[in-house]
Amino acid sequence: MSESAIVSQEELQNQFTYMDAVAELIRGRHLRAYTHTFGCQQNEADTERIRGMLHEMGYEMTEEVSEADFILYNTCAVREHAEDRAFGNIGALSHLKKQRPDVIIALCGCMAQQEKNVEKIKKSYPQVKLLFGTHALWRFPSLLYRALTEKKRIFDIGGADDIAEGLPVLRGHGPKAWLSIMYGCNNFCTYCIVPYVRGRERSRRPEEIEKELRELVAAGYKEITLLGQNVNSYGKDLGLDVDFAGLLRRLNAVPGDFWLRFMTSHPKDASPRLFDAMADCEKVAKQLHLPFQSGSDEILRRMNRRYTAESYRALIADARQKMPGITLSSDIIVGFPGETEADFEQTLALVQDIQFDLLFTFLYSPRSGTPAAAYEDPATPQQKQAWFERLLQAQDAIVAQRQAAYQGKTMRLLVDGTAKGPDYPFTARTEGNLLVCVRGENIKIGDFIEAVIEKTSLRCLFAVKQ
Ligand code: SAM
Ligand code: SF4
């Protein structure tokens, strides 16, 4: 990677100067900030950076939008539904803005990186004072300073594919943390907006990642998820002798009792070398999220995915052979333009063959600017919906069976939160990332415990601590 892709110390220092300036401006005013995140884990990780900067500048965080002085929506553009929800939320704030004209409403993230949305916000959502795209995140302190001191609205969707190291971060409570290892995507799947709004792939340097992991472990985090749109291409841009399998081995050597997870892997780049590393590294959870999107080779070709259903089956066989009992999950798109009943049957067949523990199923949503948005799409919405429901039904039957197989087993769990029901008051995760509700004496959030599975349902296992 050329050094220019890393934000210089000087530029970063400039932002810290703005942080001080904002802190000075709001000193003694007890201002509160509210943030809401749409979309993927990468967005959540970005919001944590923004919250870190807000905290550093003296804002107190609030869960109540109505009492906030600064409101930020971090948006997602992957499907139309996420965009509609963001616009709905911002629309609903016009009332609040009338009551409290001083409140600053900001919008950032993938939607904010698109010209068409910027125009819409400019025209129809005057309550939005500040808008910035994914590339401007590290410049947030200077943007906020301007929003606080200038009368005009501020729009910033410029910036290069940079990496900023050393920004403050405010993580949520609990034992889990996100750790971004790379940003952007080079794959240009024909349905997907991500490469257009998040730029090209760029990897963080391995020593920076290891440093952050050590800090997380020292701070008591027990489950750390490495994030990237395609973690298997980690390091290709660095010009160093490092790849994702090597990074896993390096991170596995960090002392401490914790699980490492990662997402997302792309089947065209996932390899036996990766599965060897996973199998060898005791801290790497035996869990794999490997989206296949469609079981039809023709649809995969038109999606520009660059693998086949057969090569996907071979990958899974290799992973299972090296890690018996590994849990598997995947993403599927139903109703891609031109998909036929026969194509859908092949997706269903793959689902039946592999027997995933968890599936994330999406109805295709056209994204303007992507190639697939211009493809002919003869299947009717009713047809697509019927396929979608058949897929859910098939998967529910598989999950019911797989969950039932855990009955009576003793498993290591990480307690990660409180549950709603009184009988099993805590939530936990298995190494395979299955959700468990737990009961028993002396349970604390953040503990690894041994527990026996007492009963199972479609969405949850129920366990008693040993
Ligand atoms: N980089 C990851 C990968 O390739 O597996 C996924 C990133 S994307 C944010 C998460 C999922 O959203 C994708 O795996 C895909 O199933 C789904 N997705 C992306 N674009 C979509 C679209 N236009 N319509 C429906 N689902 C979409
Ligand atoms: Fe989108 Fe494909 Fe990149 Fe995933 S790999 S973010 S689906 S373009």
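So, a few notes on the structure that sits alongside this text. Note that the structure is a prediction, hence the values are computed from the model and not measured.

Quick word on the overall build of the chain
Thinking step 1. A count of helical and extended segments in the chain gives 14 helices and 19 strands.
Thinking step 2. Against the compact-globule benchmark of 23 Å for 466 residues, the chain has a radius of gyration of 23 Å, which places it among compact chains.
Thinking step 3. Across its three principal axes, the chain shows a C-alpha extent of roughly 60 × 60 × 50 Å.
Thinking step 4. Counting the 466 residues in the chain, one finds 55% classified as buried.
Thinking step 5. Here the analysis covers contacts within the chain between residues at least 6 apart in sequence; of these, 75% occur between residues at least 24 apart.
Thinking step 6. Summed over its atoms, the accessible surface of the chain is roughly 20,300 Å², and 50% of this surface lies on carbon and sulfur atoms.
Thinking step 7. Computing the positive centroid from 58 side-chain charges and the negative centroid from 62, the chain places the two 3 Å apart.

Focus: the sheet that holds strand S13 (residues 327-334)
Thinking step 1. Across the sheet, three strands lie side by side as S12-S13-S14; this open sheet has parallel pairing. Each edge of the open sheet carries a strand with a single partner, namely strand S12 (287-289) and strand S14 (358-363). Neighbouring strand axes in the sheet, compared pairwise and without regard to direction, differ in orientation by 10° on average.
Thinking step 2. Pairing geometry for S13 and S14, over six bridges, is parallel. Pairing of Ser330 across the sheet is with Leu359, part of S14.

Considering the packing of helix H10 (residues 272-280) against helix H12 (residues 309-322)
Thinking step 1. Relative to each other, H10 and H12 sit at 20°, their axes nearing to 9 Å. Here H12 runs roughly parallel to H10, going by the angle between their axes. The element H10 and its partner H12 pack so that their crossing is right-handed. Residues Pro272, Phe275, Asp276 and Ala279 of H10 form the contact with H12, whose participating residues are Leu315, Asp318, Ala319 and Lys322.
Thinking step 2. For the contact of H10 with H12, the class distribution of residues is five nonpolar, no polar and three charged.

Overview of helix H2 (residues 41-56)
In an α-helix, one turn spans 3.6 residues, which is why side chains three or four residues apart end up on the same side.
Thinking step 1. Under the 1.5 Å per step criterion, the end-to-end length of H2 is 23 Å for 16 residues, consistent within 8% with the ideal 22 Å.
Thinking step 2. Of all 16 residues in H2, twelve are buried, a share of seventy percent or more.
Thinking step 3. Within H2 the residues assigned to the buried category are Gln42, Asn43, Ala45, Asp46, Thr47, Glu48, Arg49, Ile50, Arg51, Gly52, Met53 and Leu54.

So, unusual backbone geometry
Thinking step 1. A cis amide bond links Met263 to the next residue, Thr264, at an omega of 5°.
Thinking step 2. For Phe188, which is not glycine, the phi torsion reads 50° and is therefore positive.
Thinking step 3. With respect to the helices and strands, the residue Phe188 is situated in the loop between strand S8 (182-183) and helix H7 (194-198).
Thinking step 4. Accessibility expressed as a relative area gives 29% for Phe188, which makes it partly exposed.
Thinking step 5. Its identity is not glycine, yet Gln355 carries a phi of approximately 60°, on the positive side.
Thinking step 6. Looking at the secondary structure, you find Gln355 in the loop between helix H13 (341-354) and S14.

Regarding the site of ligand 2
Thinking step 1. All residues in the neighbourhood of ligand 2 are listed as Cys185, Asn187, Phe188, Cys189, Tyr191, Cys192, Val194, Pro195, Gln229, His266 and Arg305.
Thinking step 2. Partitioned by chemical class, the residues of the shell around ligand 2 number seven nonpolar, three polar and one charged.

Side note on the site of ligand 1
Thinking step 1. The full set close to ligand 1 counts 15 residues, and Gln229, Pro291, Gln293, Asp331 and Ser365 are the nearest of them.
Thinking step 2. A distance of 3.4 Å is found between an oxygen atom of ligand 1 and a side-chain nitrogen or oxygen belonging to Arg305.
Thinking step 3. Within the side chain of Asp331, one N or O atom sits 2.6 Å away from an oxygen atom of ligand 1.
Thinking step 4. Protein chains bury 92% of the 560 Å² of accessible surface belonging to ligand 1 in isolation.
Thinking step 5. Elements represented by at least two residues in the shell around ligand 1 include exactly S13 and S14.
Thinking step 6. Tallied by class, residues from the shell around ligand 1 come to seven nonpolar, four polar and four charged.

A few points about helix H3 (residues 80-92)
Thinking step 1. Here H3 is 13 residues long and its end C-alpha atoms lie 18 Å apart, about the 18 Å a rise of 1.5 Å per residue gives.
Thinking step 2. Of the residues making up H3, those classed as buried are Ala82, Glu83, Ala86, Phe87 and Ile90. Angularly, the buried residues of H3 cover 135° about the axis, an arc narrow enough to put them on a single face. Along H3, exposed side chains directed more than 90 degrees from the buried face belong to His81 and Ala92.
Thinking step 3. In the core, the buried residues of H3 are packed alongside strand S3 (70-75), helix H4 (94-99), strand S4 (104-109), helix H5 (115-124) and strand S5 (128-132).

Here we look at the nonpolar core
Thinking step 1. One finds Ile224, Phe244, Phe262 and Met278 to be the most contacted residues of the largest nonpolar core, which totals 67 residues.
Thinking step 2. Ignoring anything within four residues of it in the chain, the contact list for Phe262 reads Thr225, Leu226, Val231, Phe244, Leu248, Leu274, Met278, Val284 and Leu288.

Overview of the sheet that holds S4
Thinking step 1. If you walk across this open sheet you meet the six strands as S2-S1-S3-S4-S5-S6, and the pairing is parallel. Each edge of the open sheet carries a strand with a single partner, namely strand S2 (60-61) and strand S6 (154-156).
Thinking step 2. Note that S4 and S5 share four bridges and pair parallel. Counted as the bridge partner of Leu107 is Leu131 from S5.
Thinking step 3. Set on the sheet, H2 makes contact with strand S1 (32-37), S2, S3, S4 and S5; between it and S1 the angle comes to about 175°.
Thinking step 4. The strands that helix H6 (residues 140-149) touches are S3, S4, S5 and S6; relative to S5, the one it contacts most, it runs at about 160°.

What counts and what doesn't
- Residues numbered from 1 in each chain as written.
- Chains lettered and ligands numbered in written order.
- Predicted model: local features only at pLDDT ≥ 70, side-chain atom pairs only at ≥ 80, totals over all residues.
- Heavy atoms only, no water.
- Helix = DSSP H or I, 4+ residues; strand = E, 2+ residues; numbered from the N terminus.
- Rg over C-alpha atoms; globule rule 2.2 N^0.38 Å.
- Buried < 20%, exposed > 50% of the residue type's maximum accessible area, 1.4 Å probe, protein only.
- Contact = heavy atoms within 4.5 Å.
- Areas by Shrake-Rupley, 256 points an atom, 1.4 Å probe, with all protein chains shown as cover.
- Lys, Arg positive; Asp, Glu negative; His and termini not counted.
- Charge placed at Lys NZ, Arg CZ, Asp CG, Glu CD.
- Pairing = 2+ DSSP bridges.
- Axes fitted to C-alpha atoms, helices over the stretch in contact; angles between N-to-C directions.
- Parallel < 35°, antiparallel > 145°, perpendicular 65-115°, else oblique.
- Left-handed = near helix turned anticlockwise from the far one by under 90°.
- Nonpolar A, V, L, I, M, F, W, Y, C, P; charged D, E, K, R; others polar.
- Expected span 1.5 Å × (residues − 1).
- Near = heavy atom within 4 Å.
- Polar contact = N/O pair within 3.5 Å; in protein donor to acceptor, adjacent residues only side chain to side chain.
- Arc of directions from axis to C-beta.
- Core = buried A, V, L, I, M, F, W, Y, C linked by side-chain atoms within 4.5 Å.

Shape is all these values report; function is a separate question.
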